[in-house]
Amino acid sequence: MAGLRSKQIKPYILLAVLGLLFFLPYLGRVDLFDWDELNFAECSREMLATGDYLTVRVDYKPFHEKPPLFFWMQSASMATFGTNEFAARLPNALVGIATLLVIFGIGRRHFDERFGLLWALAYLGSFLPHFYFKTGLIDPTFNLFMYLSCYWLSRYSSAIQQGAPGRRKLMAAAVFASLAVMTKGPVGFGLPAIAWAIFLLRYGRTGRFALKDFVAYAAVSFAP
């Protein structure tokens with residue numbers, strides 16, 4: 001049993017090490033270059049300076065365009081590693097590692113370990129994800145939460161089609177949607193909900209979809 005568990009963990013360790021090797025080096029060697037990257041880092045710095053973690057500010061004036069979750073992550077990084085480029089970009093590097101592990105886990109669950117590993121390695125070697133995980137932009141964190149919400153919605157929909165309980169899967173989807181909302185606003189609810197609506201229009205007749213389930217999903221998504 002211990003040998004089997006060790007064998008199951010090894011691919012996760014491999015991907016985590018690869019993520020560290022690819023995403024962490026040189027994070028602080030390049031100045032913040034994008035308008036958003038600069039403003040987000042400044043919002044997080046001002047959170048630390050003011051001690052107010054509920055109001056997002058830039059130039060010490062309220063900045064209502066974005067919710068605070070990503071800035072909390074950056075602020076925690078800055079509190080640990082200082083106010084610098086490395087600290088501003090570290091959260092997304094860690095999110096990149098988490099994304100690799102999520103992709104592998106989903107691939108292994110629904111196909112097999114080889115597929116999951118190849119899928120994660122293909123993603124690791126793709127230019128755009130690799131670039132985004134070395135920035136201080138919100139999108140990589142936001143995308144991971146939305147992806148997980150869509151994934152758990154698909155698990156829920158599959159369960160109800162088979163006549164099995166699906167409420168826990170629905171609540172998992174709603175929690176990740178709420179995290180997406182806390183990262184980038186209502187679009188974190190809207191995009192997974194649209195994907196779910198399209199799915200229901202196409203396949204809903206074969207399931208036992210209840211309106212109360214959608215209401216529960218929306219309520220948890222917007223609870224923060």
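Here's the deal with the packing of helix H4 (residues 85–110) against helix H5 (residues 113–124)
Then comes step 1: H5 packs onto H4 with a crossing angle of 150° between their chain directions and a minimal axis gap of 7 Å. By the angle between their axes, H4 is roughly antiparallel relative to H5. Relative to H5, H4 is oriented so that their crossing is right-handed. Taking contact as the criterion, the partners of Thr99, Leu100, Ile103, Phe104, Ile106, Gly107 and Arg108 in H4 are, on H5, Glu113, Phe115, Gly116, Leu117, Trp119, Ala120, Tyr123 and Leu124.

Focus on helix H7 (residues 139–161)
Then comes step 1: Helix length check: H7 (23 residues) gives 32 Å between terminal C-alpha atoms against 33 Å at 1.5 Å per residue, within 8%.
Then comes step 2: Once H7 finishes, Gly163 follows within two positions and takes phi at roughly 75°, a positive value.

Some points on helix H10 (residues 211–222)
Then comes step 1: The terminal C-alpha atoms of H10, which comprises 12 residues, lie 17 Å apart, in line with the 16 Å expected from a rise of 1.5 Å per residue.
Then comes step 2: Burial in H10 covers these residues: Asp213, Tyr217, Ala218 and Ser221. In an axial view of H10, the angular spread of the buried residues amounts to 135°, which keeps them on one side of the axis. Across H10 from its buried face, at more than 90 degrees, point the exposed residues Leu211 and Lys212.

As for the side chain of Arg155
Then comes step 1: For Arg155, the position within the fold is in helix H7.
Then comes step 2: Buried within the structure, Arg155 lacks any salt-bridge partner; its nearest side chain of opposite charge belongs to Asp213, at an N-O separation of 15 Å.

Definitions and limits used
Residues numbered from 1 in each chain as written. Predicted model: local features only at pLDDT ≥ 70, side-chain atom pairs only at ≥ 80, totals over all residues. Heavy atoms only, no water. Axes fitted to C-alpha atoms, helices over the stretch in contact; angles between N-to-C directions. Helix = DSSP H or I, 4+ residues; strand = E, 2+ residues; numbered from the N terminus. Parallel < 35°, antiparallel > 145°, perpendicular 65-115°, else oblique. Left-handed = near helix turned anticlockwise from the far one by under 90°. Contact = heavy atoms within 4.5 Å. Expected span 1.5 Å × (residues − 1). Buried < 20%, exposed > 50% of the residue type's maximum accessible area, 1.4 Å probe, protein only. Arc of directions from axis to C-beta. Lys, Arg positive; Asp, Glu negative; His and termini not counted. Salt bridge = Lys/Arg side-chain N within 4 Å of Asp/Glu carboxyl O.

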